[in-house]
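Descriptive analysis of the structure
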Amino acid sequence: MDAQIKKTALRLFTYGLYIGTSGTGADVAAGTINWVSQASFQPPLVMAAVKADSHLHQLIETTGQFAINVLSADQKEIAQDFFRPTKQENNTLNGHPYESGSATGVPLLTELPAWVEVKVTDTVKRGDHTVFIGEVIDAGIRDENAKALDMWNTGWFYAG
Ligand code: FAD
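Naming follows an unreviewed UniProt entry, where the protein chain appears as Flavin reductase family protein of Sulfobacillus harzensis. In UniProt, the protein chain has this text filed under Sequence similarities (unreviewed entry): "Belongs to the non-flavoprotein flavin reductase family."

As structure tokens, this is what we get:
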């Protein structure tokens, strides 16, 4: 296999951008992620691939719960704020307000237009990211007119 062609082909996959959150109370983590998809209608399943050496990974693994917060097209700057480790201060994460999800207690970022709360059903540990599959147990919309942030339009890549 030609490594450059493999990289170019994988970078043509399309992605949205999301902030994955997990944990409760004083031990929480949030990170911008793009390897996310719905995986079943019934039950409603989603999957997310999470960096194995991250704090987010550790909390999803130990609590069995996470949330996917959907970024809108005009929230590229917010996505950028979650490329770095999480700092919790005065009900904010990396400077952005959150509330605890009613189903899981996981942080939900209140500036973002939609979210799902997820209970992990299956974990696939292989390579440098772990695939967490989970059932959507609650969901919410804050802005019905929002359009999702499209990875391609940001000029960023996390694939290859
Ligand atoms: P963290 O691991 O959260 O924090 C590092 C700090 O926390 C260190 O100080 C360390 O000492 C401490 N720490 C580490 N582990 C623990 C622990 N277990 N307990 C307590 N403290 C700990 N990542 C994905 O997983 N999936 C994706 O799909 C994805 N897509 C991305 C797309 C783009 C365009 C970019 C730029 C990044 C993407 N990332 C993705 C990376 C993700 O955004 C970062 O991993 C995330 O923001 C957290 O950063 P971190 O891993 O450096 O920090």
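1. Overview of the pattern of salt bridges
Across all of its chains, the model carries five salt bridges by this definition. Here E61 and K125 are joined by a salt bridge, their closest N and O atoms 2.5 Å apart. Of the two residues, E61 is situated in helix 2 (residues 55-63) and K125 in strand 10 (residues 114-126); the sequence distance between them amounts to 64 residues. Put simply, E89 and K87 hold a salt bridge, and the shortest N to O gap is 3.6 Å. Note on E89: relative accessible area 43%, which makes it partly exposed.

2. Some details on the sheet that holds strand 2 (residues 27-33)
The strand order across the open sheet built from seven strands is 2-1-5-10-11-4-3, with neighbouring strands paired in antiparallel fashion. In this open sheet, the two edge strands, each paired with only one partner strand, are strand 2 and strand 3 (36-40). On average, each strand axis in the sheet is inclined to that of its neighbour by 35 degrees, with strand direction left out of account. Taken strand by strand, helix 2 contacts strand 1 (18-24), strand 2, strand 4 (45-51), strand 5 (65-70), strand 10 and strand 11 (129-141), and its axis lies near 120 degrees from that of strand 2.

3. Some words on the packing of aromatic side chains
By convention here, two paired aromatic rings are described through the distance between centres and the angle between planes. The full count for this structure, using the stated rule, is three aromatic pairs. With a centroid separation of 4.9 Å and 75 degrees between ring planes, the pair formed by F83 and W156 is classed as edge-to-face. On the criterion of sequence distance, the pair formed by F83 in the loop between helix 3 (76-81) and strand 6 (88-89) and W156 in the segment after helix 4 (151-154) is long-range, its members being 73 residues apart. Judged by its relative accessible area of 47%, F83 is partly exposed.

4. A word on the environment of L10
Relative to the assigned elements, L10 resides in helix 1 (residues 3-10). Considered as a pair, L10 and G160 are 150 residues apart in the sequence and their alpha carbons are 5.1 Å apart. Among all residues touching L10, those that are not within four sequence positions of it are A159 and G160.

5. Some thoughts on a nonpolar patch on the surface
Together, L12, W152 and F157 give the surface a local cluster of nonpolar side chains, amounting to about 370 Å² of exposed area. On the secondary structure map, L12 appears in the loop between helix 1 and strand 1. When its relative accessible area of 57% is taken as the criterion, L12 is described as exposed.

6. Some details on the site of the ligand
In the region of the ligand, 20 residues are neighbours, and T32, N34, K51, Q58 and F82 sit closest. One nitrogen or oxygen atom from the side chain of Q58 is found 3.0 Å from a nitrogen atom belonging to the ligand. Take Y158: an N or O atom from its side chain is 3.4 Å from a nitrogen atom of the ligand. Starting from 960 Å² of accessible surface for the ligand in isolation, the protein chains cover 68%. Looking at the shell around the ligand, the elements that each hand over two or more residues are strand 2, strand 4 and helix 2. Classifying every residue of the shell around the ligand gives ten nonpolar, seven polar and three charged.

Parameters at a glance
- Residues numbered from 1 in each chain as written.
- Predicted model: local features only at pLDDT ≥ 70, side-chain atom pairs only at ≥ 80, totals over all residues.
- Heavy atoms only, no water.
- UniProt positions renumbered as here; feature names shortened; annotations may be inferred.
- Salt bridge = Lys/Arg side-chain N within 4 Å of Asp/Glu carboxyl O.
- Helix = DSSP H or I, 4+ residues; strand = E, 2+ residues; numbered from the N terminus.
- Buried < 20%, exposed > 50% of the residue type's maximum accessible area, 1.4 Å probe, protein only.
- Pairing = 2+ DSSP bridges.
- Axes fitted to C-alpha atoms, helices over the stretch in contact; angles between N-to-C directions.
- Contact = heavy atoms within 4.5 Å.
- Phe/Tyr/Trp six-rings, centres within 6.5 Å; stacked < 30°, edge-to-face > 60°.
- Patch = residues over 30% accessible without salt bridge, like charges linked within 9 Å, V, L, I, M, F, W, Y side chains within 5 Å.
- Areas by Shrake-Rupley, 256 points an atom, 1.4 Å probe, with all protein chains shown as cover.
- Near = heavy atom within 4 Å.
- Polar contact = N/O pair within 3.5 Å; in protein donor to acceptor, adjacent residues only side chain to side chain.
- Nonpolar A, V, L, I, M, F, W, Y, C, P; charged D, E, K, R; others polar.

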